[in-house]
Amino acid sequence: MNGIEVRNLSKTYDGRTYALRNVNIMFPERGILSIIGRNGAGKTTLIRILATELMPTSGSASVGGIDVVAKPAAAREIMAIVPQEARTIPWMTARQQVFSYLLYRGFPYSEAKERAVKSLKQLGLQKYTNKLSRLLSGGTKRKVMVATVLASEARVIFLDEPTTGLDPISRRELWQLLNKLKKEYLIVLTTHYLEEAEYLADTIAIMESGRIVAMGSMDELRKRAGQQYSVRVMDERRPKLPKGVRVVRFDGGYQVLTDRERAFAISNALMHEKARFSTNPVSLEDLFYYFAKRSINEDTEEQGDDEW
Amino acid sequence: MVNRKRSVWSQILASVLVNAVYAMENYPIMFVNTLLSPLSILIVITFVSHGMLIGFGIEGALIMTAVMSGVSMQGDLSHLKNDMKLQDMVVTSPTGPLTYVAGMGVSEIVFSLPVLVLLVILASIYIQPTLMQALTILLVIIVMFCFSIALGFLLSTLTTDVMQSWGFSGIVSVLLSTIPPVYYPISYIPMPFQYIAYISPTTYAAQIAQAAMGYVSVSKLNLVVDWIVIVAVCIALLVLGYKKARWREP
Ligand SMILES: Nc1ncnc2c1ncn2[C@@H]1O[C@H](COP(=O)(O)OP(=O)(O)OP(=O)(O)O)[C@@H](O)[C@H]1O
Ligand SMILES: [Mg+2]
């Protein structure tokens, strides 16, 4: 398999902190794998092990068909990373930043120079080319970091929270670029913006306390949760609901998560009651709550009624 | 993906640009710093000895410049690793640890070039070494440079914060430069304290250089021991750096 193959991967820091517990992943050669999860869930740990920066405690992992634990040097030839806390070097211009990274990747001088300028342009950064990075805004610096790895020839790219700090327009622009690139590259991306994962990812892995609690495409996740639709009722009074649906109370109303048939029936009934409501496909945010947070938010969760 | 040939020269150049050329372009003040510290001691030693120890001083400054390269590289690498995460990005790239250190080592030489040039000029005026003497001093400097670079790299990869690296710099500077008699003969140190000086490899390096110029008389056996010590320490640090430096974290 030439994509990502992770088997029973575990990581313990200092023999105490269990950062990864028995993680398994299969992902094809191209496309975007997005990892989401709460702070401390283990996303960065997983990415750093795949990027050969960190040794796992047990288990195996290969990227592009190369065992990252046993053959790190070969794996490093095909991959590049923007670490979560990477920063541009303050005393270098945007061009120097990208250029020097390409030299580290072993490009000849003139090719590195050309590629650097091209990559900055691709991310709409041409006007910052010769600007010192300490003079750039936070989001622009982040974009320069992304331009840095995208300028390289690596076909596996790890982006640990690449859009944190980007304005909404820049973020959309980066999404469009990544969407184009995913036809050729294998991109592993972590994010706290769930709509980003929903929009970009071919596969979403939801992590919680070092485990992958669910993984698949949006449709697969919806199916697994048995929740295709979300009916939001804007009324303080709880509507009567069929058994087996998931009800989440929110400020000013109730949200019902359920399958297609029941969503249809509930919508019908609400329509007759002239209630204010809306019915939508379940979003990643809803699924995230279901998979990652279901035990934490128990007090606002309820079940349907026995008779409906 | 076609297998491209990668240039190791590009990879070395990258470190030289990042850590020396671009840095000097933007922060010329760093120049002043690298010039000032070895020269200031040389000047003090020369004045205090009424010019008697100028030869010792120049040799000492040369050795100290080599040794301090590793100390300042340790700080630079720690900063690039912990604050910029540059090392993480380089780890996940075709550049290996040896190429990375080699490049960073060269960058420290580039940084020290002005002071080295100045010292060589002073040496040609005040100590006028023969070719053999010059080669001996050069060899001592190279060994001390390799030793300090290996030490600096090893320490920098163990840091998780620059604050730690300042701690390391302080300790290493005292051990390698304050205690040992690099700018003057060891006989100036009263007896029981000489043993403390012998803890530092710079003491042996300085003794070789001083003996080469005939400033101090040292027995053949003593000289052989001096060489064995500095080469052994250098090799030990290179091996230790190779084995124990944290490229991939455990
Ligand atoms: N170097 C380290 N030493 C010890 N524990 C660590 C280390 N790095 C991470 N951890 C711990 O491992 C767990 C997973 O951390 P990780 O950084 O992988 O989370 P994350 O999912 O990336 O979180 P975030 O969304 O905040 O970036 C956390 O409990 C964290 O405290
Ligand atoms: Mg993280």
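No experiment lies behind these values; they were computed from the predicted model shown.

Concerning the coordination of the magnesium ion (ligand 2)
Distances from the magnesium ion (ligand 2) to its protein donors, T44 of chain A (OG1) and Q84 of chain A (OE1), fall within 1.9 to 2.1 Å. Of the two residues, T44 of chain A is situated in helix α1 (residues 43–50) and Q84 of chain A in the loop between β6 (79–82) and α3 (94–104); the sequence distance between them amounts to 40 residues.

Some details on the interface of chain B and chain A
Counting residues at the interface gives 37 residues for chain B and 41 residues for chain A. Together, the buried faces of chain B and chain A total about 3600 Å²; carbon and sulfur atoms form 58% of this surface. Per-residue buried area on chain B facing chain A is highest for M89, T92 and R248 of chain B; these three make up 22% of the total on that side. Summed over the shared surface of chain B and chain A, the number is four salt bridges.

Things to note about the layout of surface pockets
Residues and elements named next belong to chain B. Of the pockets and cavities examined, the largest pocket occupies roughly 690 Å³. Lining the largest pocket are 30 residues, and of these N33, T34, M68, S72 and E108 sit closest to its centre. Secondary structure elements with two or more residues in the lining of the largest pocket: α1 (8–26), α2 (29–48), α3 (54–82), α5 (97–126) and α7 (162–178). Looking at the lining of the largest pocket, the element that brings in the most residues is α3, giving ten residues. Per-class residue counts for the lining of the largest pocket are 15 nonpolar, 13 polar and two charged.

A few points about the packing of α2 of chain B against α5 of chain B
Residues and elements named next belong to chain B. At their nearest, the axes of α2 and α5 sit 7 Å apart, and the two run at 35° to each other. Here α2 runs over α5; the crossing is right-handed. Facing M30, F31, T34, L35, P38, L39 and L42 of α2, the residues of α5 in contact are F111, P114, V115, L118, L119 and L122. Considered class by class, the residues forming the contact of α2 with α5 number twelve nonpolar, one polar and no charged.

Notes on the sheet that holds strand β8 (residues 186–190) of chain A
Residue and element names in this part refer to chain A. Spatially, the six strands line up as an open sheet ordered β6-β7-β8-β3-β9-β10, and their pairing is mixed. Taken across any chain shown, the strands that pair with only one partner, and hence form the sheet edges, are β6 and β10 (211–216). Taken pair by pair, the neighbouring strands of this sheet meet at an average axis angle of 15°, ignoring direction. Looking at chain direction, strand β7 (residues 156–160) and β8 are connected through five bridges and run parallel. Within β8, the residue paired with D160 across the bridge is T190. In this fold α1 packs onto β3 (31–37), β6, β7, β8 and β9 (203–208), with an angle of close to 140° to the strand it touches most, β3. Across the sheet, helix α5 (residues 138–150) is in contact with β6 and β7; its angle to β6 comes to roughly 175°.

Things to note about the site of ligand 1
All names here are of chain A. Lining the immediate environment of ligand 1, one finds 15 residues, of which G40, G42, K43, T44 and T45 sit closest. In the model, an oxygen atom of ligand 1 is placed 3.0 Å from a nitrogen or oxygen of the N39 side chain. With respect to ligand 1, the backbone of G42 contributes an N or O atom lying 2.9 Å from an oxygen atom. Elements that contribute at least two residues to the shell around ligand 1 include exactly β2 (17–27) and α1. Counting residues per element, the shell around ligand 1 draws most heavily on α1, at three residues. Classifying every residue of the shell around ligand 1 gives three nonpolar, eight polar and four charged.

What counts, and where the lines are drawn
- Residues numbered from 1 in each chain as written.
- Chains lettered and ligands numbered in written order.
- Predicted model: local features only at pLDDT ≥ 70, side-chain atom pairs only at ≥ 80, totals over all residues.
- Heavy atoms only, no water.
- Donors = N, O, S within 2.8 Å, 3.2 Å for Na, K, Ca; no water.
- Helix = DSSP H or I, 4+ residues; strand = E, 2+ residues; numbered from the N terminus.
- Contact = heavy atoms within 4.5 Å.
- Buried area = accessible area lost by both parts, 1.4 Å probe.
- Salt bridge = Lys/Arg side-chain N within 4 Å of Asp/Glu carboxyl O.
- 1 Å grid on protein atoms, 1.4 Å probe; cavity = no way out; pocket = protein on both sides within 12 Å on 5 of 7 lines; lining within 4 Å.
- Points joined across faces, edges and corners; volume = space filled by probe spheres on them.
- Nonpolar A, V, L, I, M, F, W, Y, C, P; charged D, E, K, R; others polar.
- Axes fitted to C-alpha atoms, helices over the stretch in contact; angles between N-to-C directions.
- Left-handed = near helix turned anticlockwise from the far one by under 90°.
- Pairing = 2+ DSSP bridges.
- Near = heavy atom within 4 Å.
- Polar contact = N/O pair within 3.5 Å; in protein donor to acceptor, adjacent residues only side chain to side chain.

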